Amino acid sequence: MPMRKRYLLTPGPTQVPSEVLLRMAQPLIHHRTPEFSQLFAEVQRGLQWLFQTTQDVLILAASGSGAMEAAITNTCSPGDRVIVVNGGKFGERWLKICAAFGVQTEEITVEWGQAVTVEAIAQALQRQPQAKAILMQASETSTTVLHPVQDIAALTRDSETLLIVDGITAVGATDIPMDRSGIDVLITGSQKALMLPPGLAFITLSPKAWQHTERAQLPRFYFDLQKERTEQAKHTTAYTPAISLISGLHEALQQLQAEGLEQVWARHTLLMTATHAAVRALDLRPLAATHPSPAATGVWLPPTVDGVRLLTYMRDRMGVDIAGGQDHLKGKIIRISHLGYAGPFDIITAISSLEMALSRFGVTLTLGSGVRAAEAVLLPRWPAVE
Ligand SMILES: *Cc1c(COP(=O)(O)O)cnc(C)c1O
């Protein structure tokens, strides 16, 4: 069967709507012009809406990790101690950035697939009352877990300790109210819920976090957030911005605004629910059973199936790209994305192709049982016929 059509169903990069692609294909405008500044100002307002904040949301030309690095170098000094929630690949990334900059870490290790508990954070804060910051993910994409960020913010909001949140697969997928819950630093990237190609990172700081930037001694140049804030207040950037991506962002934000923030979150939750129903109907187990992320669903494969070969087969033979597991979960799990520009039939495609591929790999299952369970969740959401 010749298979030319490709389906990108990974939790980053995610699919990009054609209207966004077309906006990015337009001729470049120069970035030191009133025309660009107007575009930039509209995008800034849209980002404040998305982040639920009145603070400036800074736009950086980097992948998401650039904003993670910026969060640390702009708030910490050499020898500072921070608390890191390490429950997956992206939690590990916080540790690596801290190590690179000489920041001491108190690590909270969380089993992959589990969420950190508020008690574990409270205990770490008791051990390290001087901790400069807590570094965590809102949605740990590698394990498809949603951590209880808002409850944790209640512990830090009236203290000197900053709560620095990698919201890269949470912002635009679930309710993560920066100002209302008292998060100090919130980050996302373009290739996730924002429905864009990779290349932009976004970061916003609370007034408390801005105060910390005055004292932070770590070296920084490109990611100097005070300098960026000064420039971006004038609707421009310190260095050449990723102009085409910012045009695409303008379109993507308009699409999200037309849908409505609550509706965007509800769509992610619905697709997550349908995916979980399908997975259970196939007698498979979700990796994150108790605190699932609305961005993606990790699924344990039957032990007889080599997940690496399964995913290669799905990609090369079926044209369907879904994600696998990392490190000790490599080959053992798959991750189905429902993030960003995703709708009900993306889930149907993912489940249907998974059923057929598993069948090809010798797993006994009833074809259509996963699809049927997903449809049972989705069907009541379609409007009645007039
Ligand atoms: C994608 C992602 C990142 C950033 O990775 P980049 O490759 O630098 O964009 C960081 N944290 C989480 C939770 C992610 O999903």
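Residues numbered from 1 in each chain as written. Predicted model: local features only at pLDDT ≥ 70, side-chain atom pairs only at ≥ 80, totals over all residues. Heavy atoms only, no water.

Caption draft 1: Focus on the pattern of salt bridges. According to the stated counting rule, one finds eleven salt bridges in the structure shown. Measuring nitrogen to oxygen at the nearest pair gives 2.9 Å for the salt bridge that ties Asp327 to Lys89. Here Asp327, found in the loop between strand S14 (323-324) and strand S15 (333-337), pairs with Lys89, found in helix H4 (residues 89-100); they are 238 residues apart in sequence, far enough to count as distant. Residue classification places Asp327 among the partly exposed positions, given a relative accessible area of 41%. Members of the salt-bridge network, linked through shared partners, are Lys89, Glu92 and Asp327. (Salt bridge = Lys/Arg side-chain N within 4 Å of Asp/Glu carboxyl O. Helix = DSSP H or I, 4+ residues; strand = E, 2+ residues; numbered from the N terminus. Buried < 20%, exposed > 50% of the residue type's maximum accessible area, 1.4 Å probe, protein only.)

Caption draft 2: Local environment of the site of the ligand. As a matter of local geometry, the ligand sits amid 14 residues, with Ser63, Ser65, Thr141, Asp166 and Lys192 nearest to it. Separating an oxygen atom of the ligand from a side-chain N or O atom of Ser65 is a distance of 2.5 Å. For the ligand, whose unbound accessible area comes to 380 Å², protein coverage reaches 88%. Contributing elements (two or more residues each) for the shell around the ligand: helix H3 (64-73) and H4. Looking at the shell around the ligand residue by residue, the class counts come to three nonpolar, eight polar and three charged. (Near = heavy atom within 4 Å. Polar contact = N/O pair within 3.5 Å; in protein donor to acceptor, adjacent residues only side chain to side chain. Areas by Shrake-Rupley, 256 points an atom, 1.4 Å probe, with all protein chains shown as cover. Nonpolar A, V, L, I, M, F, W, Y, C, P; charged D, E, K, R; others polar.)

Caption draft 3: Layout of the packing of helix H11 (residues 261-281) against helix H13 (residues 344-360). In the contact formed by H11 and H13, the axes pass within 10 Å of each other and the chain directions differ by 20 degrees. For the element pair H11 / H13, the angle class is roughly parallel. When the axes of H11 and H13 are compared, the crossing they make is right-handed. Here H11 contributes Leu271, Ala274, Thr275 and Ala278 to the contact with H13, which in turn contributes Pro344, Ile347 and Ile351. Class assignment of the residues belonging to the contact of H11 with H13 gives a composition of six nonpolar, one polar and no charged. (Axes fitted to C-alpha atoms, helices over the stretch in contact; angles between N-to-C directions. Parallel < 35°, antiparallel > 145°, perpendicular 65-115°, else oblique. Left-handed = near helix turned anticlockwise from the far one by under 90°. Contact = heavy atoms within 4.5 Å.)

Caption draft 4: The arrangement of the sheet that holds strand S4 (residues 104-109) in detail. Read across the sheet, seven strands follow the order S2-S10-S9-S8-S5-S3-S4 without closing on themselves; strand pairing throughout is mixed. Each edge of the open sheet is held by one strand with a lone partner, namely strand S2 (57-61) and S4. Shown here is a sheet whose adjacent strand axes are inclined to one another by a mean of 20 degrees, direction ignored. Pairing analysis gives five bridges linking S2 to strand S10 (residues 200-205), with the strands arranged antiparallel. Considered in S10, the bridge of Leu60 is made with Ala201. Most of the contacts of helix H8 (residues 207-215) go to S10, to which it runs at about 95 degrees, and overall it touches S2, strand S8 (162-166), strand S9 (185-189) and S10. Packed onto the sheet, helix H10 (residues 243-259) meets S2 and S10 and runs at close to 70 degrees relative to S10. (Pairing = 2+ DSSP bridges.)

Caption draft 5: Looking closely at the environment of Phe202. Structurally, Phe202 can be placed in strand S10. Here the alpha-carbon distance between Phe202 and Gly189, two residues 13 residues apart in the chain, equals 5.9 Å.

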